Amino acid sequence: MHRIIIPLLLLAFSTNQGLAQRNGEPITIAGKVVDSESGQPLEYATFVLQNTEDTGNVTGGITDTAGNFEIEARPGTYNISVEYISYKTYSLKNQTYDSSINLGAIVLAPDVAQLAEVEVVGEKTTVEVRLDKKVYNIGSDITTSGGNVSDALSNIPSVDVDVEGAISLRGNDNVRILINGKPSALAGFGSTDILQQLPADAIEKVEVITSPSARYDAEGTAGILNIVLKKEKTLGINGSINTTIGIPFNARATTNFNIRTEKFNIFNTLGYFHRESPGNGIFDNRYLTDASDYDRILEDRDINRNDDGISVNIGMEYFLTESSSVTGSFFYRWSDENDLTENDNLRYIDNELDSSTFRSEDQQEDDNSYQFSLNYTNKFNDEGHQLTADFQYSYDDENVLTEIEETNVIPNTNLLASENIYEIETQDDILAQIDYVLPMGEAQFEAGYRGTFEKEISDYQLDTINQGSGQFETNQDLTNIFTYHENVNALYTQYGNKYGKLSVLLGLRLENTELRGSVDSSIDSEGLQEIVGEDVDLNFDKNYLGLFPTLNLIYEFSETENISLGYNRRINRPRGWFINPFPSRSSRTNVFQGNPDLDPAFANAFDLGYLKRWNKLTLTSSVYYQKETNSFARIQEETGLVTSDGIQIIRSLPINLSTNERIGAEAGVMYSPFRWWRINGSINFFTFNTDGEFNGVNYGTESTSWFARFSSKFTLPGKIDLQTNSFYRGPRQNAQTEDKGIFSMNLAMSKDVFNDNATISLNVSDVFNSRKRQSFTETSTFTSDSEFQWRERQINLSLIYRFNQPKERQRGGRDGQNNNDDDEGQF
């Protein structure tokens, strides 16, 4: 594309010099270039004016980030053409312009034939900086071939996926996960476990929204990650089959099938996975008071997972008219997870081994989720005037049985305890949404409504064995049914405009949040108070009304350089299990108890960004500040209770701290020194300061940390690609726990086969088997020194076969350099 742009700019300069000598005032020719299928603006499309009286007199320009162009010329008759790589050229002959004019929307259609011929394949991630977000267009990252969505997210700048799959944004785990712009059963309603079951190759792009505009939910103080799934747009029948096998043994098969005509588009994805994922851990716990019979317990843990699952997503888009369509889709997911954790425990008194035990925890989980979605879109014209309406219903049903048994090994083999924990959790989620967009020349007005209505029922039952009778008896003190409702109604409006080189987006969102909880149990509040040692309200009804303003600015110094500023107010609502007052436990010595007094946290966030593009180098950077009130913290404290064999019981509890201040900076570089070598790296440095106390204990802390990633990809002769991804997360700490740094590296190789209709790849995840969390926790009553590895090194062999579907191609980068030089950076 730069081969077109550079001569064009030279011509524009020379011809403007000649035109300036002519008589008559200059006129302005403006308009907007958009994609014919999505209606999205095409950035950096080339607009050419050729004077019919003097064919050597050529001028023109390039569209901005919103697809707009504005050209100054002398009155006259011109031939017009608009070009964009992999799109059909738009042209008009002999157009006479005597005064300034706005041509409105110029619609470009993809050139399917050209797409099949372009040599620049989409094995990359390009970054697009927009007013309220950064968009990473996921290509064929071969290090995640055969992997899942969590693996793909781990390669996105600003995002960190820890050893247990928890996702954070800029070091803050209060991040909102959306699928196609909406909360979804595909994202697990706040749990990230489901993302480890969805294939990475289902993603088209990931939107990192650190300064969300008013159109987005105010949920998530860290920001939003919006995962946009693929939907084929090519006419005809096409699809792909992706198979993977790996060590430790895992297997995955995913099929994508699409039929598109002028009247409808049917899309389907079907997937199956089997995964055996071993893990391990070592925990050295020391007790500092006389509450426990032991002063040290050393635990050696082995984890064996054996999981199976299927998922299906099918839908159809029906075009009612040329400007309106209805899309319906159905998603279903089933999984059968069997996790066996075996613990060898050495128990010491005065540094002498007193006894040894063996504990096994066998957890069996069946999970069923389904989701119905319906969308109506009406595009009133080609300039972006449109109305959309969405309805979505989701249901999730989880059944978990955990069998825990612990026996002595030394000095005898007596049974210490045997427990069965039954958990049934169901969740209904209804979403209704309507959005209206009205362009007004250079400006744009938006307004809309979103309502989400969630009902969650948690049924928890604990049975313990009576060693006298040999029968299991239900523990009525802990058995309960907790019903939780979260209803959010929101109205929003926003206005955007461009003033010369300054783009402005101003919005306001009004949200009403209703949180209701009730407990069905055989004991009342007084009975629960005896168990947990404090007064707890079993039933609650809370209502919050809040305004959430947003402001986003971009100033363009040039087509390749801009600076951005964002402000937004956010909310972080407690999830149901965070406010369930009844304790639940994963072992006899560790319990988790929700806090019904937990209030939502609110945050004000500021973001200042800078982007600069050179010929083969792109730099993105930002500085950010956030102050959060009533921020969540999860603390550990002793309960004053011990097990039947004299071990202290520790409670984990979420609380509201007073404030959490966070300031940080991040930078990313994408560099392609040669066509065959692409490099990118990013670093994020942040510091945070929290203060607050609970039960007379001060949990304030100050910490500084950072994380960085580096990727390098080589294209070798014979259509062979080599890639390496490295990641390092620096040490960090909170009020009670210090975590050491973590380094990991992934390697991959791929080759196109069968006339480029298929790609075979081999990748190694965590080459050095070093992705382990090493932590030290210290309180006034105990310390815990631990090392934990969620998943060991993984080796995968994958084959993807495409039919009637060329390997993913790029349709031009933001700086118009995705021609044969392959200049855009990659991830």
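Considerations on the overall build of the chain
For step 1, the next point in the chain: In terms of regular secondary structure, the chain is built from five helices and 48 strands.
For step 2, the next point in the chain: Taken over 827 residues, the chain has a buried fraction of 55%.
For step 3, the next point in the chain: In the chain, the proportion of contacts linking residues at least 24 apart, taken out of those at least 6 apart, comes to 68%.
For step 4, the next point in the chain: Working note: accessible area of the chain is about 34700 Å², and carbon and sulfur atoms make up 54% of it.

Description of the pattern of salt bridges
For step 1, the next point in the chain: Enumeration according to the criterion identifies 19 salt bridges in this entry.
For step 2, the next point in the chain: One connected set of salt bridges, linked through shared partners, spans D217, E219, R450, R509, E511 and R573.

Quick word on the pairing of strand β45 (residues 758–765)
For step 1, the next point in the chain: Sheet analysis places strand β44 (residues 742–753) next to β45, joined by seven bridges and oriented antiparallel. Looking at the pairing, V753 lines up with A758 of β45.
For step 2, the next point in the chain: Following β44, the chain reverses through four residues before pairing antiparallel with β45; F754 in that reversal takes a positive phi of roughly 55 degrees.
For step 3, the next point in the chain: Taken together, the eight bridges between β45 and strand β48 (residues 794–803) define a ladder with antiparallel strand orientation. Of the residues in β48, the one forming a bridge with N763 is N796.

Some thoughts on the nonpolar core
Nonpolar side chains tend to gather and get buried jointly when the protein is soluble and globular.
For step 1, the next point in the chain: Core analysis: the largest hydrophobic core is formed by 19 residues, its most contacted members being L153, V159, I167, L225 and I227.
For step 2, the next point in the chain: Looking at this core, the elements that each hand over two or more residues are α3 (149–153), β10 (159–161), β11 (167–169), β12 (175–179), β13 (203–209) and β14 (223–229).

What about the packing of aromatic side chains?
For step 1, the next point in the chain: Evaluation of the coordinates by the stated rule reveals 21 aromatic pairs.
For step 2, the next point in the chain: Arranged with centres 6.4 Å apart and planes meeting at 15 degrees, the rings of F548 and F602 form a pair that is stacked. Of the two residues, F548 is situated in strand β28 (residues 540–558) and F602 in strand β32 (residues 601–613); the sequence distance between them amounts to 54 residues.
For step 3, the next point in the chain: Ring centres of W676 and W677 lie 6.1 Å apart, and the angle between their planes is 15 degrees; on these two criteria the pair is classed as stacked.
For step 4, the next point in the chain: Cluster of aromatic residues (ring-pair linked, three or more members): F330, Y370, F372, Y393 and Y395.
For step 5, the next point in the chain: Its guanidinium or amino end placed over the ring of Y348, R296 lies 5.1 Å from that ring's centre, counting from NZ or CZ.

Quick look at the side chain of Q789
For step 1, the next point in the chain: Locating Q789 in the fold gives a position in strand β47 (residues 782–789).
For step 2, the next point in the chain: Of note is the side chain of Q789, whose polar atom sits 2.8 Å from the side chain of N769.
For step 3, the next point in the chain: Apart from the residues lying within four places of it in its own chain, the contact partners of Q789 are G279, N280, D766, N769, R771 and K772.

Here's the deal with the sheet that holds strand β1 (residues 27–35)
Note: strands within a sheet are paired through backbone hydrogen bonds, in either parallel or antiparallel orientation.
For step 1, the next point in the chain: Spatially, β4-β1-β7 is the arrangement adopted by the three strands of the open sheet, whose pairing is mixed. Each edge of the sheet is formed by a strand with only one pairing partner; in this case those strands are β4 (68–73) and β7 (101–108). Direction aside, the axes of adjacent strands within the sheet are offset by 25 degrees on average.

Overview of a negative patch on the surface
For step 1, the next point in the chain: Residues D300, D302, E342 and D344 make up a contiguous surface patch of negative charge.
For step 2, the next point in the chain: Sorting the residues of the negative patch by element identifies β19 (296–319) and β20 (324–349) as the ones contributing at least two each.
For step 3, the next point in the chain: Within the fold, D302 resides in strand β19.
For step 4, the next point in the chain: On the accessibility criterion, D302 (38% relative accessible area) is partly exposed.

Notes on the side chain of S277
For step 1, the next point in the chain: The topology assignment puts S277 in the loop between β17 (264–276) and β18 (279–287).
For step 2, the next point in the chain: A residue is classified by how much of its surface remains accessible, and S277, at 4% relative accessible area, is buried.
For step 3, the next point in the chain: Each residue touching S277, except ones within four places of it in the same chain, is listed here: I303, R305, W790 and R791.

Structural notes on a nonpolar patch on the surface
For step 1, the next point in the chain: Taken together, the side chains of I245, I247, F249, I760, L762, I795, L797 and L799 present a nonpolar region at the surface, about 670 Å² in accessible area.
For step 2, the next point in the chain: At the level of elements, β15 (236–247), β45 and β48 are the ones that each hand at least two residues to the nonpolar patch.
For step 3, the next point in the chain: Take the nonpolar patch: its biggest share by element is three residues, from β48.
For step 4, the next point in the chain: Positionally, I760 belongs in strand β45.

Focus on the pairing of β44
For step 1, the next point in the chain: With ten bridges connecting them, strand β41 (residues 720–729) and β44 associate as antiparallel partners. Bridge pairing links I720 to K751 in β44.

Focus: the environment of R305
For step 1, the next point in the chain: Topologically, R305 is positioned in strand β19.
For step 2, the next point in the chain: The sequence separation of R305 and N338 amounts to 33 residues, and the corresponding C-alpha distance is 5.9 Å.
For step 3, the next point in the chain: Once residues lying within four places of it in the same chain are set aside, the contact partners of R305 are R275, E276, S277, P278, G279, N338, D339 and W790.
For step 4, the next point in the chain: A distance of 2.7 Å separates a polar atom in the side chain of R305 from the backbone oxygen of S277.

Side note on unusual backbone geometry
For step 1, the next point in the chain: Here the amide bond leading from I247 into P248 is cis, since omega sits at -10 degrees, within 30 degrees of zero.
For step 2, the next point in the chain: Within the fold, P248 resides in the loop between β15 and β16 (250–260).
For step 3, the next point in the chain: Each neighbour pair has its own omega, and for I410 with P411 the value is 10 degrees, a cis peptide bond.
For step 4, the next point in the chain: Mapped onto the secondary structure, P411 falls in the loop between β22 (386–410) and β23 (415–440).
For step 5, the next point in the chain: At N94, a residue that is not glycine, the phi angle is positive and equals roughly 50 degrees.
For step 6, the next point in the chain: Position of N94 relative to the elements: it lies in strand β6 (residues 90–97).
For step 7, the next point in the chain: Under the relative-accessibility criterion, N94 is labelled exposed at 54%.

Describing the confidence of the model for the chain
For step 1, the next point in the chain: Considering every residue of the chain, the mean pLDDT works out to 81; 83% of them sit at 70 or more.
For step 2, the next point in the chain: Note that pLDDT drops below 50 for residues 1–23; the model gives that stretch 41 contacts with residues more than four away or on any other chain.
For step 3, the next point in the chain: In the predicted structure, residues 809–827 sits below a pLDDT of 50 and forms 99 contacts with residues beyond four places in sequence or in another chain.

Points about the environment of P75
For step 1, the next point in the chain: Within the secondary structure layout, P75 lies in the loop between β4 and β5 (76–83).
For step 2, the next point in the chain: Among the residues examined, P75 registers a relative accessible area of 36% and is labelled partly exposed.
For step 3, the next point in the chain: The spacing of P75 and N51 is 24 residues in sequence and 9.9 Å in space, taken between C-alpha atoms.
For step 4, the next point in the chain: When residues no more than four places from it in sequence are discounted, the contact partners of P75 are E25, I27, Y97 and D98.

The rules we used
Residues numbered from 1 in each chain as written. Predicted model: local features only at pLDDT ≥ 70, side-chain atom pairs only at ≥ 80, totals over all residues. Heavy atoms only, no water. Helix = DSSP H or I, 4+ residues; strand = E, 2+ residues; numbered from the N terminus. Buried < 20%, exposed > 50% of the residue type's maximum accessible area, 1.4 Å probe, protein only. Contact = heavy atoms within 4.5 Å. Areas by Shrake-Rupley, 256 points an atom, 1.4 Å probe, with all protein chains shown as cover. Salt bridge = Lys/Arg side-chain N within 4 Å of Asp/Glu carboxyl O. Pairing = 2+ DSSP bridges. Core = buried A, V, L, I, M, F, W, Y, C linked by side-chain atoms within 4.5 Å. Phe/Tyr/Trp six-rings, centres within 6.5 Å; stacked < 30°, edge-to-face > 60°. Lys NZ or Arg CZ within 6 Å of the ring centre and 35° of its normal. Polar contact = N/O pair within 3.5 Å; in protein donor to acceptor, adjacent residues only side chain to side chain. Axes fitted to C-alpha atoms, helices over the stretch in contact; angles between N-to-C directions. Patch = residues over 30% accessible without salt bridge, like charges linked within 9 Å, V, L, I, M, F, W, Y side chains within 5 Å. Lys, Arg positive; Asp, Glu negative; His and termini not counted. Charge placed at Lys NZ, Arg CZ, Asp CG, Glu CD. pLDDT = per-residue confidence, 0-100.

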